[in-house]
Amino acid sequence: QVQLVESGGGLVQAGDSLRLSCAGSGRTFSNYAVGWFRQAPGKEREFIAAISWRGDSTYYADSVKGRFTISRDNAKNTVYLQMNSLKPEDTAVYSCAADDIWGFRLRISAQYRNWGQGTQVTVSS
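For clarity, every value in this text was computed on a predicted model and none was experimentally measured. (Residues numbered from 1 in each chain as written. Predicted model: local features only at pLDDT ≥ 70, side-chain atom pairs only at ≥ 80, totals over all residues. Heavy atoms only, no water.)

Q: It is not clear to me how unusual backbone geometry should be interpreted in this structure. Could you clarify?
A: For residues besides glycine, phi is generally negative; the peptide bonds are generally trans as well. One non-glycine residue, N77, adopts positive backbone phi at about 50 degrees. In this model, S85 sits at a positive phi of 50 degrees, which is unusual for a non-glycine residue. Mapped onto the fold, S85 is located in the loop between strand 8 (78-83) and strand 9 (92-99). (Helix = DSSP H or I, 4+ residues; strand = E, 2+ residues; numbered from the N terminus.)

Q: Any chance you could explain the nonpolar core here in plain terms?
A: Here is a general trend for soluble globular proteins: nonpolar side chains tend to be buried in one another's company. Core analysis: the biggest nonpolar cluster contains 37 residues, and W36, L81, M83 and Y94 have the highest contact counts within it. Of all the secondary-structure elements, those providing two or more residues to this core are strand 3 (18-25), strand 4 (33-39), strand 5 (46-51), strand 7 (68-73), strand 8, strand 9 and strand 11 (119-124). In this view, M83 contacts D16, S17, L18, L20, R67, F68, Y94 and V121; residues no more than four positions away in its chain are not counted. (Core = buried A, V, L, I, M, F, W, Y, C linked by side-chain atoms within 4.5 Å. Buried < 20%, exposed > 50% of the residue type's maximum accessible area, 1.4 Å probe, protein only. Contact = heavy atoms within 4.5 Å.)

Q: Can you walk me through the pattern of salt bridges in this structure?
A: Note that side chains of opposite charge can pair when their charged atoms are close. Enumeration over the complete set of coordinates arrives at 5 salt bridges. R38 is paired through a salt bridge with E46; the nearest N and O atoms lie 2.8 Å apart. By relative accessible area, which is 7% here, R38 ends up buried. Under the relative-accessibility criterion, E46 is labelled partly exposed at 29%. With a shortest N-O distance of 2.8 Å, R67 and D90 are connected by a salt bridge. Of this pair, R67 sits in the loop between strand 6 (58-60) and strand 7 while D90 sits in the loop between strand 8 and strand 9; the two residues are 23 residues apart in sequence, bridging distant segments of the chain. Accessibility assignment for this pair places R67 and D90 in one class, buried. Overlapping salt bridges, with partners in common, bring together R38, E46, R67 and D90 in one network. (Salt bridge = Lys/Arg side-chain N within 4 Å of Asp/Glu carboxyl O.)

Rendered as structure tokens:
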């Protein structure tokens, strides 16, 4: 089991950037793939991005491709989500998740056993 803590959320204007961090505890974190998901009020949780445990494979939802970048620093037990050109529709609670999974399973929230508490991102128009 790992524990995850997200940070970096906030209130920004459309077109601004934010960088979210997902800090993991436990020796196994660096061996786990990590995904970012978001959930807006009244909507289902949505896959945003994922990165393999080595960091050599990344995956993105079409809605954020070209604007968001996921990366990781295993020496710091941290995964980042750089969000550029933010839009009002990006407003949501963003959560990171980690598990020993790969491939298409990275896009499915139910495949992850370890979750952070989430951080709010609000983009004003």
